[in-house]
Amino acid sequence: MPGKITMINVLWMVMVTGMLTATVALYDQKIDTSKVYGPYASARTAVLGQY
């Protein structure tokens, strides 16, 4: 039977891998541009700089 530290390391790696997979799956979706209101994020700094 593996030691306690080995089991903790395996559990930690499984959890981190699961979180990374979930993050990639959630952020890999394409943004529907018809639902975006206002300028893009790259243009907002120029707009805010006017005020």
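Residues numbered from 1 in each chain as written. Predicted model: local features only at pLDDT ≥ 70, side-chain atom pairs only at ≥ 80, totals over all residues. Heavy atoms only, no water.

## Description of the overall build of the chain
Within the chain, the regular secondary structure consists of two helices and zero strands. Counting the 51 residues in the chain, one finds 0% classified as buried. Summed over all atoms, the accessible surface of the chain reaches about 5,200 Å², with 70% contributed by carbon and sulfur. (Helix = DSSP H or I, 4+ residues; strand = E, 2+ residues; numbered from the N terminus. Buried < 20%, exposed > 50% of the residue type's maximum accessible area, 1.4 Å probe, protein only. Areas by Shrake-Rupley, 256 points an atom, 1.4 Å probe, with all protein chains shown as cover.)

## Some thoughts on the UniProt feature "transmembrane region" (unreviewed entry) in the chain
As annotated by UniProt and renumbered to match this structure, "transmembrane region" (unreviewed entry) occupies residues 6–27. For residues 6–27, the helix share is 100%, the strand share is 0%, and the end-to-end C-alpha distance is 32 Å. (UniProt positions renumbered as here; feature names shortened; annotations may be inferred.)

## Looking at helix α1 (residues 4–27)
An ideal rise of 1.5 Å per residue puts 34 Å on 24 residues; α1 measures up with 35 Å between its terminal C-alpha atoms. Summarising burial for α1: zero of the 24 residues are buried, a small minority. (Expected span 1.5 Å × (residues − 1).)

## A few points about a nonpolar patch on the surface
Taken together, L11, W12, M13, M15, V16 and M19 make up a surface patch of nonpolar side chains, about 670 Å² in accessible area. Tracing the chain through its elements places M15 in helix α1. When its relative accessible area of 43% is taken as the criterion, M15 is described as partly exposed. (Patch = residues over 30% accessible without salt bridge, like charges linked within 9 Å, V, L, I, M, F, W, Y side chains within 5 Å. Salt bridge = Lys/Arg side-chain N within 4 Å of Asp/Glu carboxyl O.)

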